[in-house]
Amino acid sequence: MRWIVLCTKALAGFFALLVLATCIYLFVAPPDLLRVATNYSAKMVCSNVFLAGRDPVEVQDIDVQAGGHPILGYISIDIDEPSGVVVARLLGLFATGTAVYREGLGCASAPDGDIARLKSISLANQNIEQFTRTSKWPMGAHNLKMDNILANEELIGPGMRAVVVIKDAELIAETYGPGFDIETPLLGWSMTKTVTALIMGAVLGEDFNVESANLFPQWQDDERRAIRIQDLMSMSSGLQWNEGYGSVSDVTRMLYLEPDMAAFGASLPLAKEGETEPFHYSSGTTVLLSRIWQNLIGDKALSFPHEKLFGPLGMRSATLETDAVGTFAGSSYLYASALDWARLGQLILDGGQWNAQQLIDTDYINWMTGAAQSSTASWGRPEYGNGQIWLHGPDAGVPEGEDPDAGFDLPSDIRWMLGHDGQSIAIIPSEGLVVVRMGLTPSGLGYRPQEMVSQIIKSLKE
């Protein structure tokens, strides 16, 4: 019996040492996957609490865990509201992730823990409201059929948070999900890419030159020096990039592990021949565009989106967030109310004009929304525009190689702003129509707003 006792004690000691060693490892050098999870959690809670005024427990339970990764259920959140700092830890102990709120610039991840540097990047001393002009949507005629469409749960989709319909520059219908309203800032995710293209148009002006190359110092001595702004805009730069989510990929590393997102994107090499198609979707290239236009503007870059775009449009709810060094996360992080998102769609529909003021040159808008030939899909037509905008709607649940818009009665001039988890704006110049749909709708649910948009068009013609 004694040897059994000794073996039991030895095994207990071994497992105790193993647990201790694991704890030390997780505390000192946590795996990148855990750090992605905690920084993501801190960032999502920070933005939704400080920008949208939402309950942090609800955000963590619903928004953070929407992707379904099991690790996310074991992360605890601490919020220091006076300092604007949110800290997330696995099991309350490990893989600390931090996000910091700054006035006018929202929240940013602090993957290196440098909170002081983040707090130094702010618009607190710049009165950005001075740029914002009061601009309400004129109300259009009430349409009972439109009410029926927006009350149809299959058409508006699961997890809907807002749907707004603009016809001939008038608001004709809107609906909001429980807990959300006309004022709630909503995350557009990759719809922000199109906004970055609009800002680029405002920077470049009437004589826009998208042929400019030799864009970053670290590219001067290799083949990357030939990459043009146009190549980045149309997602055809040839740069290596992995846009996969749910693991440690290029995009999750950039968003949650790299203090300087643009430096990370610029450090990546060209993909080897045959590894990528000419059109290769990449959030990294959009962040590079942010860095390019900010370099062109210089010291006033942080207030530029408000001065030249959000302010004139009357977008009081808009917050475009930056990374830890002050580069706008132009691939992913614009928060705005559904009606303010609609203003951006209307600006594109009207060729860059708003209230008789030309904010962005019409020729640029026409170029931006034109088809990028590099993106020609297997069904025989381009799927992406020249400037960070889609020529087809969401493809959730669509078999690879099939046209996502096939089977829907949609005009050929439709353009789409699309974002993660079911964000979309359909822009249809021939119909004078902008349809905004916001929500928390993971792609695995297979929802596509094309049928809703088609029904809206049909109802307006009857």
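Now for a look at the structure at hand. (Residues numbered from 1 in each chain as written. Predicted model: local features only at pLDDT ≥ 70, side-chain atom pairs only at ≥ 80, totals over all residues. Heavy atoms only, no water.)

We now examine the overall build of the protein. For the protein, the helix and strand inventory stands at 15 helices and 14 strands. Against the compact-globule benchmark of 23 Å for 462 residues, the protein has a radius of gyration of 23 Å, which places it among compact chains. Based on the C-alpha atoms only, the size of the protein along its principal axes is roughly 90 × 55 × 50 Å. As displayed, the protein offers around 19900 Å² of accessible surface, 52% of which is attributable to carbon and sulfur atoms. (Helix = DSSP H or I, 4+ residues; strand = E, 2+ residues; numbered from the N terminus. Rg over C-alpha atoms; globule rule 2.2 N^0.38 Å. Areas by Shrake-Rupley, 256 points an atom, 1.4 Å probe, with all protein chains shown as cover.)

A few words on the nonpolar core. By size, the foremost hydrophobic cluster in this structure holds 107 residues, and its most contacted members are Val195, Leu198, Leu309, Trp341, Leu344, Tyr364 and Val436. Ranked by residue count, the leading element in this core is helix α2 (residues 32-50), at nine residues. Beyond its immediate sequence surroundings of up to four residues, Val195 is in contact with Leu309, Phe310, Leu334, Trp341, Leu344 and Met417. (Core = buried A, V, L, I, M, F, W, Y, C linked by side-chain atoms within 4.5 Å. Buried < 20%, exposed > 50% of the residue type's maximum accessible area, 1.4 Å probe, protein only. Contact = heavy atoms within 4.5 Å.)

Okay, the packing of helix α7 (residues 191-204) against helix α13 (residues 338-349) next. Two elements in contact, α7 and α13, have axes whose closest approach is 11 Å; the angle formed by their N-to-C orientations is 50°. Taken together, α7 and α13 sit at an angle that is classed as oblique. Where α7 crosses over α13, the two elements pack in a sense that is left-handed. In this structure, α7 uses Met191, Thr192, Thr194, Val195 and Leu198 to contact α13, whose residues at the interface are Trp341, Leu344, Leu347 and Ile348. Partitioning the contact of α7 with α13 into residue classes produces seven nonpolar, two polar and no charged. (Axes fitted to C-alpha atoms, helices over the stretch in contact; angles between N-to-C directions. Parallel < 35°, antiparallel > 145°, perpendicular 65-115°, else oblique. Left-handed = near helix turned anticlockwise from the far one by under 90°. Nonpolar A, V, L, I, M, F, W, Y, C, P; charged D, E, K, R; others polar.)

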